[in-house]
Amino acid sequence: MAEGDLRLETMTGRAAIAPAIDALAHLRIRVFRDWPYLYDGSVAYEAQYLSAFANSDGAILVAAYAGDAMVGASTGLPLAHEHADFSAPLARAGYDPDKIFYCAESVLLPECRGRGAYRSFFERREAHARALGFRMAAFCGVLRPDDHPARPETHAPLDPIWRRFGYRKLDGAVARYSWTDVGDSEETAKSMQYWIKEL
């Protein structure tokens, strides 16, 4: 399936996903360097972060290509296979992590946006989750203060899009995860707001 002039490819399971991990890591570093993540990434950090994903038989990677170059990607896996820090907020909110499919990142280079790939990312992950027997999907997005000095004047939150896709903000379900911001010398903890949807 093509989105505009992009080609989307769906990969599931370790054997299919493993060859794409290096390209995914470099794409994450590039896209997440921008607002609101401001992630000063490294290949070593990526290898550690993506290890759970790469080793999950229930994982999915939807990759967008322009020619042979990966220009976008969206991932997901059973929440029970993710780092424990991600499941605790949902458990505290009364949800069983074993019954939730976790939609991780959706990243797309700026010049490739607006072609429908983002919606397809969500649709393909949700279809995969349903095929595995999951009836709930969740993801989380970083929270940044409105007066953050790096916030672009033109920034528009994605909340309306996520609501249009059927997700709702789960008040009080906030994860904490650490990474190094661009311009900083060490990691700091960030708040990550959960959104959830019944499939």
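For the structure itself, look to the data block above.
First things first, this report covers the structure right here in the doc.

Each value, and the rule that gives it
- Residues numbered from 1 in each chain as written.
- Predicted model: local features only at pLDDT ≥ 70, side-chain atom pairs only at ≥ 80, totals over all residues.
- Heavy atoms only, no water.
- Phe/Tyr/Trp six-rings, centres within 6.5 Å; stacked < 30°, edge-to-face > 60°.
- Helix = DSSP H or I, 4+ residues; strand = E, 2+ residues; numbered from the N terminus.
- Buried < 20%, exposed > 50% of the residue type's maximum accessible area, 1.4 Å probe, protein only.
- Lys NZ or Arg CZ within 6 Å of the ring centre and 35° of its normal.
- Contact = heavy atoms within 4.5 Å.

This next bit is on the packing of aromatic side chains. Scanning the entire structure with this criterion turns up 17 aromatic pairs. Measuring from ring centre to ring centre gives 5.1 Å for F139 and Y167, while their planes differ by 70°; the resulting arrangement is edge-to-face. Remark: Y167 occurs in the loop between α7 (159–164) and β7 (168–179) and F139 occurs in strand β6 (residues 136–142); sequence separation between them is 28 residues. The buried category is assigned to Y167, whose relative accessible area is 3%. Taken together, the aromatic side chains of Y118, F122, F139, W162, F165, Y167 and W195 make up a single cluster linked through ring pairs. The ring centre of F122 lies 4.6 Å from the NZ or CZ of R125, which sits over that ring. Lying over the aromatic face of W179, K190 brings its terminal NZ or CZ to 4.6 Å of the ring centre.

With that settled, the discussion passes to the environment of I17. In this structure, I17 sits in helix α1 (residues 14–17). Each C-alpha atom, one on I17 and one on F53, is 9.1 Å from the other, the two residues being 36 residues apart in sequence. If we ignore the near neighbours within four places in the chain, the residues touching I17 are M11, T12, F53, A59, I60 and L61.

Once that is clear, we can look at helix α2 (residues 21–31). Because each turn of an α-helix spans 3.6 residues, side chains separated by three or four positions in sequence point in the same direction. Within α2, the full set of buried residues consists of I21, L24, A25, L27, R28, I29 and V31. In this fold, the buried residues of α2 make contact with α1, α3 (43–49), α4 (51–54), β3 (60–66), β4 (69–78) and β5 (100–108).

Don't take any of this as a statement about function, it's just geometry.
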